Amino acid sequence: MSDRNERITLTIDGVEISGESGMTLIEAADAAGIYIPRLCHHPDLPPTGHCRVCTVTVNGGNGAACTRPVADGMVVENDTERLNTLRRNLIEMTFVEGNHYCPECEVSGDCELQAVAYRLGMTAPHYPALNPEREIDGSHPDVFIDRNRCILCGRCVRASALIDGKSIFGYKYRGIHKAVAVVVTDRLGETEIEATDKAVSVCPTQCLRVKRRGFRTPLGSRRFDREPIGIPERE
Amino acid sequence: MVQEQEALIERIVHDLGPDGTHVMDVARAVSKRFGYIPNSAIPTIARHLQLSPVEVRDMITFYGHLSTDPLGTTVVRLCNAVVENMMGAGEVAAAFERETGIRFGETTSDGEISLRYTACMGLSDQAPSALINDVPFTGIHPELVQEIVRGIRAGLNLTTLPGSGVRHNLKKPGEIIFRRSMEHGAAIDKLLGVSREEALEEIKRSGMRGAGGAGFPAGKKWELCKNASGDKHYVICNADEGEPGTFKDRVLLAYNAHQVFEGMTIAAYVVGATEGIVYLRDEYDYLRGHLERVLEERREKGVLGDTIRSYQKFSFDIRIEVGAGSYVVGEESALIESLEGKRAAPRERPPFPVQRGYLSQPTIVSNVETFTSAAAVIERGAEWFRSFGTDKSPGTKLLSVSGDVQQPGVYEIEYGTTIRTVLHLVGARNAQAVQIGGASGRCLSSGGFERRIAFEDVPTGGSFIVFGPGRDVLEYMRQFIEFFAEESCGWCTPCRVGTTLLSRFMDRLVAGEATRGDLDRAIEMCDTIRNASRCGLGITAPNPLLTSLESMPELYERRLSAESYAPQFDLGAELRAGAAAANRPAPQGM
Ligand SMILES: Cc1cc2nc3c(=O)[nH]c(=O)nc-3n(C[C@H](O)[C@H](O)[C@H](O)COP(=O)(O)O)c2cc1C
Ligand code: SF4
Ligand code: FES
């Protein structure tokens, strides 16, 4: 991004905030303490705009706040009924695309998808479930993937390439068949992944996670059981 | 085989250079030699091109015509786009299955023949059509299939088989694009002694707009690119022509490639580019030899290459890159990603390609037809150009006309022509509806036939499909939406999941199972898809439903189920699946 130092001002839902050129809209909002709902974005990784939950209206047109560079005088709508309905619909699409059954899920209370759904007031998805058949890969001694919960946020892809320097994850196929690829054979056990890798810690639904930690924190006292999801902290 | 793979990959990389942007060339070459790209070749390709294996795999698994699974020696790709189905592709498919003894999606046990479906290949004027290996077959009918399959089995040269070959149905040349073949360099000569700024002014004065669909003013695009700072500027000709029902770029490249290249050269002069690329869809690979010859001829004539017309300060050359089966790659930023050797996922904008395009440099991406018109503007002047068309849409437009018409083919019409006039011209009687602009365009019924083809009224990239009386229009709208679901790149949720859900809805609608409540929910979903998607594919994907609902609501009224609620959960199927998994007999009466 270009030079970071020019001060600019913009308004979000009528509130004037300031930012610096080179920032994204979500960065500027976060710095000002304004929550824009999001799912695929992670503060330690470059944004990629997959989930569109951060959709805002900028000067009359829609765009993703996580990728949109700020500009002086921008007029942004964020917390409106229309946008929150749109976001709820996107979250519902995300639910029916995979196999997400919160009542019996081991990461309930510690899942960003569930938490954002609660915060946006989603009850049950009103779209028909796609019920895909997804694989579970336990071939690695310390790390496993339960793809039933994968929402294609791409955080593992970015973290593995940019922070861990291993490029273990990528994508394969397109459209509804698009999935996270694990090198060439899709077996974690054949990769260099380690439990301490950034890629393992950034998954919003913990479909990629460290083994033998499942119920260390009991249901009811997990991250989002204590307080609703909000602006994340950078590492 | 592993050694042969390695040797082949090494040789290509040696020729092209160890650069990740060449992964498509390498993948296509391996695919051509072995019929597919074995997983074992992926790490080798990656190593030679300094990429990670997962990146190479990402790119290969994205494109419809690259495969990591073995395919037959001969691959029949039958087009199952809307016009093809109207013209009997279903019967042709059945004949292929009968003759080969396999289903589409399968390969014969002797490894000889694979049957695959493919999206619109730009041959709707001579449907049904197929690509067999690289050879196009047109006007196929079921009786021909037996001979074709026999010929394949006998190992005959595919180009000698009945049905092979393409005709270029240019039905109506106009004044600007197909006036006559432009003399080589006629427009370029006008540039000499004219500054870049003056040439740009002429394009701006012409009011010319992009022919790729969106109608962005060409002069504005050139100006933005010219003024953007970068180490290099690029000019890219978008010859991906993937919109269902369009094929005019095919005819243009076949008959008037000189003028296309002339236009690219002028654009290069204006924006200061030395390198141009034509991105040709692989379905048009049969045009490549011809295009290479035209480029060579231009180099010999001194209107392309190191010093154009002995003009010391101006050099520009063009190369051709070929795709591998994707519709979304026609979106300009996806096309750039593809040229950089990646999956064709559109980029986030801003920045636009004119600011940061190919290799992050300022880039013009324009349609084949746009460059052709630009050459005419420079040769004959903006005033002359503006004497055609309308005030807001000057010039002429190529239409690719197909469907229920007597004379399918390419027509050059002036902007401002009514749909009714076009229908008359092409011999379409009693048309029930017209699909203008392809799947992403709009469906108009007779109530809209007085409307005009122009950006201020009915814009189009050129596809013009006529549905005659008695055609089940909703079935074709269903197929269009299914097409979007198949071609979605999958990057963003609203399009990836939304088009799939919408496609399921259309299935139920056409089957008479959807209720009014389902339709209402589908319309709301269209709103989410349109407003949240990242690129034009998702933004226009709901159009078949929304535009046909607007122009022909009665079709929906008739199709909706009278029930107020219809379950979307098939209890019987679930119980059967459960029983099978548990190895129990299937429940009775389900
Ligand atoms: C899904 C999708 C597919 C597209 N396919 C094509 C295409 O095949 N050919 C084309 O010229 N433009 C296509 N476009 C439009 C391009 O993005 C771009 O606007 C165009 O090439 C610009 O050329 P123009 O200014 O000459 O119109 C497509 C756009 C989208 C969203
Ligand atoms: S709208 Fe569709 S095609 Fe475009 S980026 Fe999103 S998923 Fe890909
Ligand atoms: S958070 Fe911006 S698109 Fe997902």
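The structure we're discussing is the one just above.
Residues numbered from 1 in each chain as written. Chains lettered and ligands numbered in written order. Predicted model: local features only at pLDDT ≥ 70, side-chain atom pairs only at ≥ 80, totals over all residues. Heavy atoms only, no water.

1. Some points on the side chain of Ser561 of chain B
Line of reasoning, step 1. Locating Ser561 of chain B in the fold gives a position in the loop between α22 (553-559) and α23 (571-581).
Line of reasoning, step 2. Those residues in contact with Ser561 of chain B that lie beyond four places of it in its chain are Gly512, Glu513, Ala514 and Thr515 of chain B. (Helix = DSSP H or I, 4+ residues; strand = E, 2+ residues; numbered from the N terminus. Contact = heavy atoms within 4.5 Å.)

2. Focus on the interface of chain B and chain A
Line of reasoning, step 1. Between chain B and chain A, the residue contacts involve 45 residues of the former and 42 residues of the latter.
Line of reasoning, step 2. Each partner contributes to the roughly 3400 Å² buried at the junction of chain B and chain A, and carbon and sulfur atoms together form 57% of this total.
Line of reasoning, step 3. When the buried surface of chain B facing chain A is broken down by residue, Arg57, Trp491 and Arg496 of chain B rank first, second and third, together holding 18% of it.
Line of reasoning, step 4. The tally of links from chain B across to chain A stands at 4 salt bridges. (Buried area = accessible area lost by both parts, 1.4 Å probe. Salt bridge = Lys/Arg side-chain N within 4 Å of Asp/Glu carboxyl O.)

3. What about the sheet that holds strand β12 (residues 433-436) of chain B?
Consider a sheet: its strands pair through backbone hydrogen bonds, and that pairing is either parallel or antiparallel.
Residues and elements named next belong to chain B.
Line of reasoning, step 1. The 6 strands lie next to each other as β5-β11-β10-β14-β12-β13, forming an open sheet whose pairing is mixed. Two strands bound the open sheet, and with one partner strand each, they are β5 (170-172) and β13 (442-445). Ignoring strand direction, the axes of neighbouring strands in this sheet form an average angle of 30°.
Line of reasoning, step 2. Pairing analysis gives 4 bridges linking strand β10 (residues 396-403) to strand β14 (residues 463-467), with the strands arranged parallel. What sits directly across from Ser402, in β14, is Ile465. (Pairing = 2+ DSSP bridges. Axes fitted to C-alpha atoms, helices over the stretch in contact; angles between N-to-C directions.)

4. Concerning the packing of aromatic side chains
Line of reasoning, step 1. Under the definition given, this model contains 12 aromatic pairs over all chains.
Line of reasoning, step 2. Through a chain of ring-to-ring contacts, three or more aromatic side chains come together here, namely Tyr327, Phe483 and Phe484 of chain B.
Line of reasoning, step 3. Residue placement shows Lys178 of chain A over the ring face of Tyr171 of chain A; its charged tip is 3.7 Å from the ring centre.
Line of reasoning, step 4. Above the ring of Phe34 of chain B, the side-chain terminus of Arg33 of chain B is found at 4.8 Å from the ring centroid. (Phe/Tyr/Trp six-rings, centres within 6.5 Å; stacked < 30°, edge-to-face > 60°. Lys NZ or Arg CZ within 6 Å of the ring centre and 35° of its normal.)

5. Considering the sheet that holds strand β7 (residues 143-146) of chain A
Residues and elements named next belong to chain A.
Line of reasoning, step 1. Read from one edge to the other, the open sheet built from 3 strands follows the order β6-β7-β10, with strand pairing classed as antiparallel. Where the open sheet ends on each side, the last strands, each with one partner, are β6 (136-137) and β10 (208-210).
Line of reasoning, step 2. Sheet topology note: the β7/β10 ladder contains 3 bridges and is antiparallel. Bridge pairing links Val143 to Val210 in β10.

6. Quick look at the site of ligand 2
Line of reasoning, step 1. Inspection of the region around ligand 2 gives 13 residues, with Cys489, Trp491, Cys492, Cys495 and Cys535 of chain B positioned closest.
Line of reasoning, step 2. For the shell around ligand 2, a count of residues per class yields 8 nonpolar, 4 polar and 1 charged. (Near = heavy atom within 4 Å. Nonpolar A, V, L, I, M, F, W, Y, C, P; charged D, E, K, R; others polar.)

7. Topic: the pattern of salt bridges
Residue and element names in this part refer to chain B.
Line of reasoning, step 1. Applying the stated criterion across every chain yields a total of 65 salt bridges over all chains.
Line of reasoning, step 2. Across the pair Glu321 and Arg319 runs a salt bridge whose closest N-O atoms are separated by 2.8 Å.
Line of reasoning, step 3. Overall, Arg319 belongs to the partly exposed group, its relative accessible area being 28%.
Line of reasoning, step 4. Arg386 serves as the salt-bridge partner of Asp391, at 3.2 Å between the closest nitrogen and oxygen.
Line of reasoning, step 5. Residue Arg386 is classed as partly exposed on the basis of its relative accessible area of 30%. (Buried < 20%, exposed > 50% of the residue type's maximum accessible area, 1.4 Å probe, protein only.)

8. Side note on the environment of Val180 of chain A
Residues and elements named next belong to chain A.
Line of reasoning, step 1. Within the element layout of this structure, Val180 appears in strand β9 (residues 179-182).
Line of reasoning, step 2. For Val180, a relative accessible area of 7% puts it in the buried group.
Line of reasoning, step 3. In sequence terms Val180 and Val76 are 104 residues apart; their C-alpha atoms lie 33 Å from each other.
Line of reasoning, step 4. In contact with Val180, not counting residues within four places along its chain, are Arg147, Cys150, Leu152, Cys156, Phe169, Gly170, Tyr171, Lys172 and Asp186.

9. Observations concerning the site of ligand 1
Residue and element names in this part refer to chain B.
Line of reasoning, step 1. Near ligand 1 there are 18 residues, and of these Gly212, Lys221, Glu332, Asn367 and Thr370 occur at the shortest range.
Line of reasoning, step 2. Within the backbone of Gly330, a nitrogen or oxygen atom sits 3.3 Å from a nitrogen atom of ligand 1.
Line of reasoning, step 3. Within the side chain of Thr370, an N or O atom sits 2.6 Å from an oxygen atom of ligand 1.
Line of reasoning, step 4. In isolation ligand 1 exposes 610 Å². Once the protein is present, 88% of that is buried.
Line of reasoning, step 5. When residues of the shell around ligand 1 are assigned to their parent elements, the largest contribution, 3 residues, is made by strand β9 (residues 363-367). (Polar contact = N/O pair within 3.5 Å; in protein donor to acceptor, adjacent residues only side chain to side chain. Areas by Shrake-Rupley, 256 points an atom, 1.4 Å probe, with all protein chains shown as cover.)

10. Considering the packing of helix α10 (residues 218-227) of chain B against helix α11 (residues 248-271) of chain B
All names here are of chain B.
Line of reasoning, step 1. Where α10 contacts α11, the axes come no closer than 8 Å and their chain directions differ by 45°. Taken as axis vectors, α10 and α11 run oblique relative to one another. Residue-level inspection shows Trp222, Cys225 and Lys226 of α10 in contact with α11, the latter providing Gly263, Ile266, Ala267, Val270 and Val271.
Line of reasoning, step 2. Classifying every residue of the contact of α10 with α11 gives 6 nonpolar, 1 polar and 1 charged. (Parallel < 35°, antiparallel > 145°, perpendicular 65-115°, else oblique.)

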